[in-house]
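Observations on the three-dimensional arrangement
Each chain, letter by letter, is given below.
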Amino acid sequence: QVQLVESGGGLVQAGGSLILSCVASGRTFSNYYMNWFCQAPGKEREFVAAVSRSGLSTSYADSVKGRFTISRDNAKNTVSLQMNSLKPEDTAVYYCNAGNTIATAGAYWGQGTQVTVSS
């Protein structure tokens, strides 16, 4: 089992920035690809960003490329999502996810953190 706890969400104006963090506990963090997904009201959960086990490879949804940056620190069991140039359409609950394939939802989810971007 892997337990994931997100933090860092909040309310921000369009054009602003937020940093989401996810702390993992349980099994060896570096064994897992780490992903961020988001779910807006009335929509399905969708992929945002992913990072490989080593941290050397990343993947992004087209909608966030150039604005969001995912990174991980295996020594601290954390994965972060730096969110810049935020848009109202980025408003959603953001979930940390751990799995065995990059950019594909794995078995372990955090509880989610709300990001609200006002226009």
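Refer to the structure printed above.
Throughout what follows, the structure given in this document is the object of discussion. No experiment lies behind these values; they were computed from the predicted model shown.

Below, the discussion takes up the environment of Val51. Assignment of secondary structure puts Val51 in strand E5 (residues 46-51). Between the C-alpha atom of Val51 and that of Gly16, which follows or precedes it by 35 residues, the distance is 23 Å. Among all residues touching Val51, those that are not within four sequence positions of it are Tyr33, Met34, Ser57, Thr58, Ile70, Arg72, Val79 and Ile102.

What follows concerns the pairing of E5. In this sheet, E5 lies alongside strand E4 (residues 33-39) in antiparallel orientation, the contact comprising five bridges. Across the sheet, the residue bridging to Asn35 is Ala50, located in E5. Remark: six residues form the turn of the hairpin made by E4 and E5, two consecutive strands paired antiparallel; Gly42 in that turn has positive phi of roughly 75 degrees. Bridging between E5 and strand E6 (residues 58-60) involves three bridges; their strand directions are antiparallel. Opposite Val51, over in E6, you have Thr58 as the bridge partner. Joining the antiparallel neighbours E5 and E6 is a turn of six residues, in which Gly55 adopts a positive phi near 90 degrees.

So, how was this worked out
- Residues numbered from 1 in each chain as written.
- Predicted model: local features only at pLDDT ≥ 70, side-chain atom pairs only at ≥ 80, totals over all residues.
- Heavy atoms only, no water.
- Helix = DSSP H or I, 4+ residues; strand = E, 2+ residues; numbered from the N terminus.
- Contact = heavy atoms within 4.5 Å.
- Pairing = 2+ DSSP bridges.

Shape descriptors only; they carry no functional weight alone.
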